Amino acid sequence: NAGVTQTPKFRILKIGQSMTLQCTQDMNHNYMYWYRQDPGMGLKLIYYSVGAGITDKGEVPNGYNVSRSTTEDFPLRLELAAPSQTSVYFCASSHGAGPYEQYFGPGTRLTVT
Amino acid sequence: GQQVMQIPQYQHVQEGEDFTTYCNSSTTLSNIQWYKQRPGGHPVFLIQLVKSGEVKKQKRLTFQFGEAKKNSSLHITATQTTDVGTYFCAGAGGNTPLVFGKGTRLSVIA
């Protein structure tokens, strides 16, 4: 099993550009999550999904969009990138909510200049 | 909304010293999880505590869940350089997504 994979590993965007961060998991997990981690800070939940076709906002959803058309994939879309979106983005998955451990991908380091 | 606070934010120790990080929730938790993130890496699950007053050990690491299920601690005995990283607690109030604390960054001086 590859677990949770994310692409790209690094990306530099100019202000106003758009991009999609890809996330795929091969563990047949129902739940998937997107977090951002600013330097020296904790993890903030952007969006999560409890299954294909179902998504919900987390703590910091503004400026992002998600979709979940399959169990495996959970892409994160950034529209009109802003410097405040410079961060490391982690995708994670779990079998369920609450008492289930989350498996994290290696992260995407995004810089917006 | 639910908040999970973690202290200290940073801890520098000499190799061989003990280390403790504390986690407090604004609400009663159904479970608490601990993760470790090595520098430049991603969070990796360490353990989950579910029962009031629960204590679990993993080699030199001891995890406790408070009686009221609102606080937790992670204690490392005789730290080693391999313990370097950021330790996060994360709590859930039920069937809701985990809320992560801001983490404690541990530096170990050889």
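See the structure shown above.
Undergrad: Which parts of the structure should I look at to understand the state of the cysteines?
TA: Two cysteines whose sulfur atoms are joined by a covalent bond form what is called a disulfide. Residue and element names in this part refer to chain A. Scanning the entire structure with this criterion turns up two disulfides over all chains. Disulfide pairing places Cys23 opposite Cys91 at an S-S distance of 1.8 Å. The disulfide joining Cys23 to Cys91 has a torsion of about -70° about its S-S bond and is therefore left-handed. One end of the pair, Cys23, is in strand E3 (residues 19-25); the other, Cys91, is in strand E9 (residues 87-94), and 68 residues separate them in sequence.

Undergrad: Can you help me understand the pairing of strand E5 (residues 43-51) of chain A in this one?
TA: Taken residue by residue, a regular strand's side chains alternate between the two faces of the sheet. Residue and element names in this part refer to chain A. Most of E5 is tucked away, with seven of its nine residues classed as buried. In this sheet, E5 lies alongside strand E4 (residues 31-37) in antiparallel orientation, the contact comprising six bridges. Bridged to Met32 within E5 is Ser49. Hairpin connection of E4 to E5: five residues between the antiparallel strands, including Gly40 at a positive phi of 70°. Of the strand pairs in this sheet, E5 and strand E6 (residues 54-57) are connected by four bridges, and their pairing is antiparallel. Residue pairing for E6: Tyr48 is matched across the bridge by Asp56. If you look at the hairpin formed by E5 and E6, you'll find two residues sitting between the two strands, and Gly53 has a positive phi there, around 85°.

Criteria and cut-off values
- Residues numbered from 1 in each chain as written.
- Chains lettered and ligands numbered in written order.
- Predicted model: local features only at pLDDT ≥ 70, side-chain atom pairs only at ≥ 80, totals over all residues.
- Heavy atoms only, no water.
- Disulfide = S-S within 2.5 Å.
- Helix = DSSP H or I, 4+ residues; strand = E, 2+ residues; numbered from the N terminus.
- Buried < 20%, exposed > 50% of the residue type's maximum accessible area, 1.4 Å probe, protein only.
- Pairing = 2+ DSSP bridges.

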